[in-house]
Amino acid sequence: MLARISRRLAGLLATLLAASFVIFAAVYAAPGDPAVFLAGGRDKLSPEKLELVRAQYHLDEPLVVQYGRWLGDCLQFDLGRSFKYSDQVADLLAARFPTTLALVAYATVLFVVLGVGAGVLAAVRRGTWVDSAVVGGTTLAASVPSFVSAIALAAVFGVQLGWFPVTGGGEGFTGTVHHLTLPALSLALGALALISRVTRQSMVDAGTADHVEVARASGIREREIVVRHVLRNALGPIVTMCGLVMAGMLAGTVVVETAFGLSGIGSLLVGAINTHDFPVAQAVLLLMVTGYIVVTTLVDLVHPLLDPRVKEVAA
């Protein structure tokens, strides 16, 4: 087990290193010259002034040298200074990350509870109208982009019915839940559809096992069979998919936060790209990739604990 954890951690570090270089190179190659923005405008800038700005911010150095300098600063938790706000990037992330974290956590609760519940219901009622309704509803939900669902939810439940606010993150636990309900729901709809399908299929596959048939023949109640034998054996794929979906939700917040005017890292990334604020864009992308890699690694480590068959193969 320790050897497996060591291999996963080594792979995590190698992946993070490769991802950090790709992020830095992609932002480095993005259209636009950050020196022009740092010099205060786009018109009537002399080449001498631009060269001075590039030298001041080390923008005249080769890509590898700039990457090494940036990576060394990141390892010391120095993410640089924002070109636009003139503040430390770490301070900007610290101020906005709680909103994004609350949004992702709320959306995760929604898609796990509703998605797994719908999948279990469809598997138990397989072949009935309930199964058809769940499959049809989840297919429709999966086909709607998050920005479309965000606009529709805001228009219906925010503007017409006035049940929920359509902007801001709220204050306090109750206020935060109230303000983030529509954004979290729009973020969770696609994930809910995916999780319900995975749950349904895993339940159906687990329900055909021999020990389940023996349990039914022994006269055990159907509810106990579903909970103790079917759902328990189906947890491996369900938990794995839930972890992967949750890990990818950080990137999905870009659209939702912009649509609902939330001050999170997703909207911060959009503003940084529009204004060529390279240090902020690099830091946000690195945070998103790091979150995804860490969560997927944890899911990979937990999966054998849920499914002994995976543990045997890994060993």
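Above: the structure in question.
My aim in this report is to walk through the structure given alongside it, one point at a time. Residue positions are given per chain, counting from 1 as you read along its sequence in written order. The model is predicted, so local features are restricted to residues of pLDDT at least 70 and side-chain atom pairs to those at 80 or more, both for listing and for counting; the totals for chains, interfaces and linings are taken over all residues. Here the side-chain values reflect all heavy atoms present in the structure, with hydrogen atoms and water set aside.

## Observations regarding the packing of helix α7 (residues 146–160) against helix α8 (residues 172–207)
Contact pair α7 / α8: the axes reach a minimum separation of 9 Å and the direction vectors enclose 145°. Between α7 and α8 the crossing geometry is right-handed. On α8, the residues that touch Ser 146, Ser 149, Ala 150, Leu 153, Ala 154, Phe 157 and Gly 158 of α7 are Leu 182, Leu 185, Ser 186 and Leu 189. The nonpolar class holds Ala, Val, Leu, Ile, Met, Phe, Trp, Tyr, Cys and Pro. Asp, Glu, Lys and Arg form the charged class, and all remaining residues, Gly among them, are polar. Here the contact of α7 with α8 is composed, by residue class, of seven nonpolar, four polar and no charged. Only C-alpha atoms enter the line fits that serve as axes; for helices the fit covers just the stretch in contact. Angles between N-to-C directions range over 0 to 180 degrees. Strands here mean DSSP runs of E at least two residues long; helices mean DSSP runs of H or I at least four residues long; both are numbered from the N terminus. Throughout, a crossing is termed right-handed when the near helix is turned clockwise from the far one, and left-handed when it is turned anticlockwise from it by less than a right angle. Contacts were defined at the residue level, with two residues in contact if any of their heavy atoms lie within 4.5 Å.

## Describing the nonpolar core
If you look at the biggest cluster of nonpolar residues, it comprises 56 residues, and the most contacted ones within it are Leu 93, Phe 111, Met 203, Met 249, Phe 260, Val 280 and Val 284. Broken down by element, this core gets its largest block of residues, 12 residues, from helix α5 (residues 89–124). For Val 280, the residues in contact, after removing those within four places along its chain, are Ser 82, Val 89, Leu 92, Leu 268 and Ala 272. By nonpolar core is meant a set of buried Ala, Val, Leu, Ile, Met, Phe, Trp, Tyr and Cys residues that side-chain atoms within 4.5 Å join together. A simple rule labels every residue: compare its accessible area, found with a 1.4 Å probe on the protein chains alone, to the largest value its type can have, and call it buried under 20%, exposed over 50%, or partly exposed in between.

## Side note on the environment of Tyr 292
Along the chain, Tyr 292 falls in helix α12 (residues 278–306). According to the relative accessible area criterion, Tyr 292 is partly exposed, its value standing at 39%. The sequence separation of Tyr 292 and Ala 247 amounts to 45 residues, and the corresponding C-alpha distance is 4.5 Å. Apart from the residues within four sequence positions on either side, Tyr 292 is in contact with Leu 244, Ala 247 and Gly 248.

## Looking at the packing of aromatic side chains
Put simply, two rings from Phe, Tyr or Trp (the six-membered ring, in Trp's case) pair if the centres are within 6.5 Å, and we call them stacked under 30 degrees between planes, edge-to-face over 60, tilted for the rest. Counted by the stated rule, this structure contains five aromatic pairs. Both rings, one in Phe 21 and one in Tyr 67, keep their centres 5.1 Å apart while their planes meet at 90°; by these two values the pair is edge-to-face. On the criterion of sequence distance, the pair formed by Phe 21 in helix α1 (residues 2–28) and Tyr 67 in helix α4 (residues 63–75) is long-range, its members being 46 residues apart. Overall, the relative accessible area of 36% leaves Phe 21 in the partly exposed class.

## What to know about the packing of helix α9 (residues 210–217) against helix α10 (residues 222–260)
Two elements in contact, α9 and α10, have axes whose closest approach is 10 Å; the angle formed by their N-to-C orientations is 170°. When the axes of α9 and α10 are compared, the pair comes out roughly antiparallel. On α10, the residues touching His 211, Val 212, Ala 215 and Arg 216 of α9 are Glu 222, Ile 225, His 229, Val 230 and Asn 233. Taken together, the residues that form the contact of α9 with α10 break down as four nonpolar, three polar and two charged. Note that the term roughly parallel is reserved for angles under 35 degrees, roughly antiparallel for angles over 145, roughly perpendicular for angles of 65 to 115, and oblique for everything else.

Just geometry here; none of it tells us what the structure is for.
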